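# An overview of the molecular structure
Here is what each chain is made of, one letter per residue.
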Amino acid sequence: MSRRISPVLFLLIAVAIGWGDELCSDQQLPSFLTGRIAAEAAWLTPLKETDQLVEQSPSAGLIISSPYWKQIDVLVVLRYQQPEVYAYSKTGERSSHSLYQLMGDVGLMVPVSPPNNPRYQFRFGGGFSLFFIRATEEIGSYLLDDNESDFGNWLKIETPALSLGGLKMRLFAELFTAWSLPQRTHFLLSGVTLESRLW
């Protein structure tokens, strides 16, 4: 299953671009004509077997996005978390430790609207991630020798924006898969973004 993640991701992005072409208006603006910046507050939840090793944790992020083609946006994201992880010794004893985790994302977001209400836009997207993890203390070779990094992918859905003066607020849910070995790890990130125009 894990080996199919990358082809599925490429297929979803291609389909989303096709939908975006059909659903967006014919007016096409130059790429990167405008830019937006958003602050993100979220909650990171481990899924499947990962929840036995990693605690849920708050997450803070910064998002920069810009129109790339029609209404399809390209975005770059930087996030920070400090999750608690459990380490198990050879005797079976469990100990708790803190990690510093940085996540960098890049990808595309596509608006999808109901036919009878084009302004009520959900947004779907996907892309690739880079995870950088550093232990705050010596944990031991059975979990983390030193700084570690992994690549992965993400899929995201956002609710229609709620306008608050010059700001836009959205709720979102994002599924992450880290291509770690010997098996993939999965996380769900859910939260809120507050967006403003950058240029």
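The structure this text deals with has already been given above.
Below is a summary of the structure that appears in this document. (Residues numbered from 1 in each chain as written. Predicted model: local features only at pLDDT ≥ 70, side-chain atom pairs only at ≥ 80, totals over all residues. Heavy atoms only, no water.)

## Some remarks on the nonpolar core
Considering soluble globular proteins, one finds that nonpolar side chains tend to be buried as a cluster. In this structure, Ile63, Leu75, Phe131, Trp154, Phe176, Phe187 and Leu189 are the most contacted members of the largest nonpolar core, which totals 19 residues. Elements represented by at least two residues in this core include exactly strand 1 (36-46), strand 3 (72-81), strand 5 (94-112), strand 6 (122-135), strand 9 (167-178) and strand 10 (185-197). (Core = buried A, V, L, I, M, F, W, Y, C linked by side-chain atoms within 4.5 Å. Buried < 20%, exposed > 50% of the residue type's maximum accessible area, 1.4 Å probe, protein only. Helix = DSSP H or I, 4+ residues; strand = E, 2+ residues; numbered from the N terminus.)

## What about the packing of aromatic side chains?
Within the structure shown, the criterion is met by four aromatic pairs. For the pair tyrosine 120 and phenylalanine 122, a centre-to-centre distance of 5.8 Å together with 85 degrees between the ring planes defines the contact as edge-to-face. The ring centre of phenylalanine 172 lies 4.7 Å from the NZ or CZ of lysine 156, which sits over that ring. (Phe/Tyr/Trp six-rings, centres within 6.5 Å; stacked < 30°, edge-to-face > 60°. Lys NZ or Arg CZ within 6 Å of the ring centre and 35° of its normal.)

## Observations concerning a nonpolar patch on the surface
On the surface, Leu78, Tyr80, Tyr100, Leu102 and Phe132 cluster together to form a nonpolar patch covering roughly 450 Å² of accessible area. By secondary structure assignment, the location of tyrosine 100 is in strand 5. (Patch = residues over 30% accessible without salt bridge, like charges linked within 9 Å, V, L, I, M, F, W, Y side chains within 5 Å. Areas by Shrake-Rupley, 256 points an atom, 1.4 Å probe, with all protein chains shown as cover. Salt bridge = Lys/Arg side-chain N within 4 Å of Asp/Glu carboxyl O.)

## Quick look at the side chain of serine 66
Inspection of the secondary structure puts serine 66 in strand 2 (residues 57-69). When its relative accessible area of 5% is taken as the criterion, serine 66 is described as buried. Residue contacts for serine 66: discarding those within four places in its chain leaves Phe32, Leu33, Thr34, Gly35, Ile72, Asp73, Val74 and Trp199. (Contact = heavy atoms within 4.5 Å.)

## As for the pairing of strand 1
In this structure, strand 1 lies alongside strand 2, joined through nine bridges in antiparallel fashion. When the sheet's bridge partners are listed, glutamate 40 is paired in strand 2 with glycine 61. (Pairing = 2+ DSSP bridges.)

## Topic: the pattern of salt bridges
Pairing between side chains of opposite charge can happen when the charged atoms of each approach one another. Summed over the entire model, instances satisfying the criterion amount to 11 salt bridges. For arginine 170, the salt bridge is made with glutamate 158, and the minimal N-O distance between the two is 3.8 Å. With arginine 170 in strand 9 and glutamate 158 in strand 7 (residues 148-158), this pair connects stretches of sequence that are 12 residues apart. Assigned by exposure class, arginine 170 and glutamate 158 land together as buried. Of the charged contacts in the structure, one is a salt bridge between arginine 170 and glutamate 195, with a shortest N-O distance of 3.5 Å. Here the residue arginine 170 occupies a position in strand 9, and glutamate 195 occupies one in strand 10, the gap between them amounting to 25 residues. Glutamate 195 shares its class with arginine 170; the two are buried.

## Some points on the environment of alanine 178
Relative to the helices and strands, alanine 178 resides in strand 9. Residues alanine 178 and phenylalanine 151, spaced 27 residues apart in sequence, show a C-alpha to C-alpha distance of 5.9 Å. Excluding anything up to four places from it in sequence, alanine 178 contacts Phe131, Phe151, Gly152, Arg184 and Thr185.

## Digging into the pairing of strand 9
Look at any regular strand and the pattern is simple: side chains alternate between the two faces of the sheet. As defined by bridge partners, strand 7 adjoins strand 9 across seven bridges and the pair is classed as antiparallel. The residue bridging tryptophan 154 from the neighbouring strand is phenylalanine 176, located in strand 9. Relative to strand 9, strand 8 (residues 162-164) runs antiparallel, the two being bridged by three bridges. When the bridges of strand 9 are listed, leucine 164 appears paired with leucine 167. The turn joining strand 8 and strand 9, which pair antiparallel and follow one another in sequence, is formed by two residues; a positive phi near 70 degrees is taken by glycine 165. Pairing geometry for strand 9 and strand 10, over 11 bridges, is antiparallel. If you follow lysine 168 over to strand 10, its bridge partner there is glutamate 195.

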